[in-house]
Amino acid sequence: MQRYTRDQMAARVARDIPEGAYVNLGIGLPTLVANHLPKDREIFLHSENGLLAMGPAPAPGSEDFDLINAGKQPVTLLPGGAYFHHADSFAMMRGGHLDFCVLGAFQVSARGDLANWHTGAPDAIPAVGGAMDLAIGAKKVYVMMEHLTKQGESKIVERCTYPLTGVRCVNRIFTDLAVLDVAADGLVVLEMVDGLSFDELTRLTGVPLRRAAPAQRERQS
Amino acid sequence: MINKIVPSVAEAVADIRDGATVMIGGFGTAGLPSELIDALIAQGARNLTVVNNNAGNADTGLAALLKTKRVRKIICSFPRQTDSWVFDALYRAGEIELELVPQGNLAERIRAAGAGIGAFFTPTGYGTLLAEGKETREIGGRHYVLEYPIHADYALIKADRADRWGNLVYRKTARNFGPIMASAAKCAIVQVRETVDLGGLDPEAIVTPGIFVQRVVRVAAGALAEPRAAA
């Protein structure tokens, strides 16, 4: 079985983002997706601190610390980009104007609940940022995460044990093992990495899965 | 003649009293009004409630204010950062109260205060810990949480340029919470890099009209906050 690397996962997510999409990439793993968006597609990256048409990191030495992304790293603005204040920025998110967001996760449930902001540990200092707004606001919520924890437990679960970020909000899950859609009647496997059988994926995941119809798999490739 | 420009940061913050609620603009250090915060530290007001997206970075700016232990409570969305050790220690010692608010609810609660809205229903946070105990309602098949505005006595804001009537333009993503905080506070105090004559700002490009601003103070460009590594 050949697991996807982080960059392969990012490239796989990027394939599902079409020309003209308004997209927010969450902090961490999803940030990698920007490196894999095809250069021949015009895609608008939104950053919740107040910019649209975010460009790549500036060359060393030309950083401007008034121009940062949600992760507080210096970025650039593409020609045609715009700045706006926080209430407008979150209106774009909450108001359903973003076509996609890509978020990392601790857990996703079989019905699409998302847990990605807080471990719930008693000594943890909670911080939420814009995660809850993205989870309920974007037209399509993509999650990108390792399929299993370091201990080998599935991060796709029947019910989330970590505190929720959003209820029934996830549409598609991209892992290092598979791509799954969250359908009304459960999880549908669209793709698996080479060498992984459906039965083995089901065993590793620990929740009921079903295979996409061939036509549906075809559309994904 | 109306002139909202005051001569110094010390005068700009002189009347902030103990127990005040103070909004502080900025997202991390972008747009953080560091010189106004330093003036507030020197002024000495205590028992403050502070509203900011974060809870301070490293040992300067908002973190320095927290370190004085004059902040009773902070309302923010993202306190935990790699360099938030001042807040972390206060929080673990039980020396500061935290009201954690999803970032969009924070922005909209501030906007609502400035816009005269009594409360609003938002889908953000529904079904999560951060909505526990709050009124909810199903509207058009979707679940919403009732959230109330956040008003403030003062807002400390950093903009780029202002005129003597308090019209403001900002710089890049340093705009962040400035416009909404200016409208939500009884007294908005703004530090700017440059002041210009009336008419010197393009009326089509003014982001915060002067009606929302009470005081402006020019801070020399050289004294602007040093950029710091990302948190």
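Above this text sits the structure in question.
About the thresholds
- Residues numbered from 1 in each chain as written.
- Chains lettered and ligands numbered in written order.
- Predicted model: local features only at pLDDT ≥ 70, side-chain atom pairs only at ≥ 80, totals over all residues.
- Helix = DSSP H or I, 4+ residues; strand = E, 2+ residues; numbered from the N terminus.
- Rg over C-alpha atoms; globule rule 2.2 N^0.38 Å.
- Buried ≥ 20, exposed ≤ 12 C-beta atoms within 10 Å, placed from the backbone.
- Contact = placed C-beta atoms within 7 Å.
- Nonpolar A, V, L, I, M, F, W, Y, C, P; charged D, E, K, R; others polar.
- Core = buried A, V, L, I, M, F, W, Y, C linked by C-beta atoms within 7 Å.

(A) Local environment of the overall build of chain B. In terms of helices and strands, chain B carries six helices and 13 strands. The C-alpha atoms of chain B give 18 Å as radius of gyration, which agrees with the globular expectation for 231 residues (17 Å, within 12%). Dimensions of chain B along its principal axes, counting C-alpha atoms only, are 50 × 40 × 35 Å. When each of the 231 residues of chain B is scored for burial, the buried share is 52%. Considering only contacts in chain B between residues 6 or more positions apart, those separated by 24 or more positions represent 77%.

(B) Seen up close, the interface of chain B and chain A. At the junction of the two partners, chain B supplies 39 residues and chain A supplies 33 residues. Looking at the side of chain B that touches chain A, the elements with two or more residues in it are helix H4 (85–92), helix H5 (103–115) and helix H6 (178–184) of chain B. The element best represented in the side of chain B that touches chain A is H5(B), accounting for five residues. Along the lines of polarity and charge, the residues of the side of chain B that touches chain A split into 19 nonpolar, 13 polar and seven charged.

(C) Looking closely at the nonpolar core. A:Val143 and B:Ala155 are the most contacted members of the largest nonpolar core, which totals 134 residues. For B:Ala155, the contacting residues outside a window of four places in its chain are B:Met23, B:Gly25, B:Met181, B:Ala182, B:Ala184, B:Ala185, B:Ala188 and B:Ile189.

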